[in-house]
Every structure is written in C-alpha cells, then in structure tokens.
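Letter by letter, the chains look like this.
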Amino acid sequence: MNYINKIRGMFLTKENSMISKQTITNFFDKFENVNIGDIDALKELCNDCSEVLDICYHNETWSIYNCKSLMKKYSDNNDRLSLINIVSDIQKLLSWTLNTIDNSVSLNNLPSCRDILKISDKDIALKCAKDLVQNNIISKFTSAITLTDKVGDASQINEIASFYIPIYNELNRLIDKEHWTLSPIEQNLLLRVKAELGYCYLAAIKTGIEIAQELKDLIKTEDQARNYIDKYSQSNCNFNNYSL
C-alpha cells in the first residue's frame, strides 16, 4: 500500500520481479529524457505509464484504475502541469516498487495467528504468539512493506492484527468513499483479512492477552470472529501469482 499525492491504494505486484525491474528501468530512461514542455510527449509518456502498470501490477484493482483514470483525465484536457505531476507521482511509485519488489511476499504466505488456535495449552500458545513476530516474515512486512505507520506493542498477536487493519480499512474506504465495486481479488482479499483478524481476536482470547482497541473496534464477539473465518474457509479463494 502506498500513498503519493493523488496516487493511493493497494498495489498488488506480479510475481515475475525480473520482468518488472527491467520494465521499470526502461521507463525511467524514457522519463529522464522527456521534454516536459511538449504536451504530446507527456501524453505518450502516460501511455507508457499505463503499459508499465499493466506489466508490474494486477490491473483489476482500484489503485490501477485510479492511476489510469487520472492520466486519461489530464491527457484529454491537455492539462500539461497535471500531466507532469501525475507522471512524476507514478515515477515515485515505480521507484518504490523497484526498491521493494524483492521483498514482496505472496498473498498465500501472509502472517497468521491461525496455528495458535490449534494449541491446547495456554502457556505454549502464548510462547508461540511471542515467537511468531520474531519470524522473518512478520518483521519483513512491518519494516520493508510498511503497511502500517506503527506496530502495536501490546502483544505479538496484536502486531499481526496491526498488519491487517490498514488493508481492511482501505478496502472499506473504496466501498464507502470511492463507491468502488471490489474486483474478485479485492473481494477475496477482504475475506482473507477479516478471517485473519478473526484468528487474531480468538488467539488473543485463548492466550489471555489484552485485545488492542483497534481490533476491538472491528470485531466485537467471538461469534463474529468465527463467522469471518467460516466465510473465508468456504470461499475457495485463490491468491496464486499475487504479491504485496
């Protein structure tokens, strides 16, 4: 998830990082040589931006739709200054992608508190919860991808929840504020995020730790948590070839 001026949202990268890297590098070469006083050259660069986005990202998400809509709007209006700004913003986004793409992780491998619920002994479950955050995968998400502004320190389980809450909030923002109909991958991701928050909620209760207020605001009861988990379990979601 990245926020750069008018560009915001979740950008799901494709898994072939070598192709993405080369595509972005080629775009940078052209970007550096463009004549920003030439509106036609800027429009051509916008077309190149769209192609790069299609190659590097899954384009059924709102974030890509938003980028392309902005470029078309400014191109159609011959708004040179806005074109310069939006292309510059996309260049920043692609720079961010180039720096983080090697750290992207398949959506199939996101962190989870699910296994804690399978452990019968409370003390062992609590130790596993503490060990979970020391695993490379969660430190990788909280540092390299930076999906949250801060990681909650109340408990290790709440740290996992703090990873998912911004994704939950963003997907619901698209529905409520952007009036966007979630694409299949966004719908599946929302189901997954709700389920993972459900696991966090139940794991916190199982281990006896205090549930973070942010998580309490989203999940009120154990039944709600289980309902989220059940819906995801029944969905047959497929996250192959999707990465954050």
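Keep in mind the model is a prediction, meaning the values are calculated, not measured.

Chemist: Let's hear about the nonpolar core: which residues, and what values?
Modeler: Ranked by size, the top nonpolar core spans 43 residues in total, and within it Leu-107 and Leu-197 carry the most contacts. If you list the elements that add at least two residues to this core, you get helix H7 (156-176), helix H8 (184-207), helix H9 (213-218) and helix H10 (222-233). Here the element with the most residues in this core is H8; it accounts for twelve residues. Among the nonpolar cores identified, the runner-up in size contains 25 residues, and Leu-53, Cys-56, Leu-93 and Leu-94 belong to it.

Chemist: An account of the environment of Ser-243 is needed here, citing residue identities and associated values.
Modeler: The topology assignment puts Ser-243 in the segment after H10. Judged by relative accessible area, Ser-243 falls into the buried class, the value being 3%. Between the C-alpha atoms of Ser-243 and Leu-12, which are 231 residues apart in sequence, the distance is 5.5 Å.

Chemist: Got a sec to walk through the side chain of Glu-186? Specific residues and values, please.
Modeler: For Glu-186, the location among the structural elements is in helix H8. An unpaired buried charge is present at Glu-186: no salt bridge exists, and Arg-173, the closest side chain of opposite charge, is 9.0 Å distant. From its side chain, Glu-186 meets the backbone nitrogen of Trp-62 in a polar contact 2.8 Å long. A polar side-chain atom of Glu-186 sits 2.8 Å from the main-chain amide nitrogen of Ser-183. In contact with Glu-186, other than residues within four places in its own chain, are Glu-60, Thr-61, Trp-62, Leu-171, Leu-174 and Trp-180.

Chemist: Describe helix H1 (residues 17-33), with residues and values.
Modeler: In a regular helix each residue adds 1.5 Å, so 17 residues correspond to 24 Å; H1 covers 25 Å between its end C-alpha atoms and thus fits that length. Those residues of H1 lying buried are Ser-17, Ser-20, Thr-23, Ile-24, Phe-27 and Phe-28. Summarising the axial view, the buried residues of H1 lie within an arc of 140°, below the 170-degree limit, and thus occupy one face. Facing away from the buried surface of H1 by more than 90 degrees, the exposed residues are Met-18 and Asn-33.

Chemist: Pulling in residues and values, what's your account of the pattern of salt bridges?
Modeler: Any two side chains of opposite charge can pair if their charged atoms end up close together. What the rule picks out here adds up to eleven salt bridges. With its nearest N and O atoms 2.6 Å apart, the salt bridge here joins Lys-68 to Asp-54. You can see Lys-68 sitting in helix H3 (residues 62-76) and its partner Asp-54 sitting in helix H2 (residues 39-56), a full 14 residues away along the chain. Taking the relative accessible area as the measure of exposure, Lys-68 reaches 26% and is therefore partly exposed. As a salt-bridge pair, Glu-196 and Arg-192 come within 2.9 Å of each other at their nearest N and O atoms. Of this pair, Glu-196 and Arg-192 both sit in helix H8, four residues apart, roughly one helical turn. Residues Glu-196 and Arg-192 agree in their burial class; the two are buried. Put simply, Lys-30, Glu-44 and Asp-48 are held in one network by salt bridges that share partners.

Chemist: Go over unusual backbone geometry, please, and point to the residues and values.
Modeler: Positive phi outside glycine occurs at Asn-78, with the angle close to 50°. Following the sequence through the fold, Asn-78 ends up in the loop between H3 and helix H4 (80-100). You will see that His-179, though not glycine, has its phi angle at about 55°, which is positive.

About the thresholds
Residues numbered from 1 in each chain as written. Predicted model: local features only at pLDDT ≥ 70, side-chain atom pairs only at ≥ 80, totals over all residues. Heavy atoms only, no water. Core = buried A, V, L, I, M, F, W, Y, C linked by side-chain atoms within 4.5 Å. Buried < 20%, exposed > 50% of the residue type's maximum accessible area, 1.4 Å probe, protein only. Helix = DSSP H or I, 4+ residues; strand = E, 2+ residues; numbered from the N terminus. Lys, Arg positive; Asp, Glu negative; His and termini not counted. Salt bridge = Lys/Arg side-chain N within 4 Å of Asp/Glu carboxyl O. Polar contact = N/O pair within 3.5 Å; in protein donor to acceptor, adjacent residues only side chain to side chain. Contact = heavy atoms within 4.5 Å. Expected span 1.5 Å × (residues − 1). Arc of directions from axis to C-beta.

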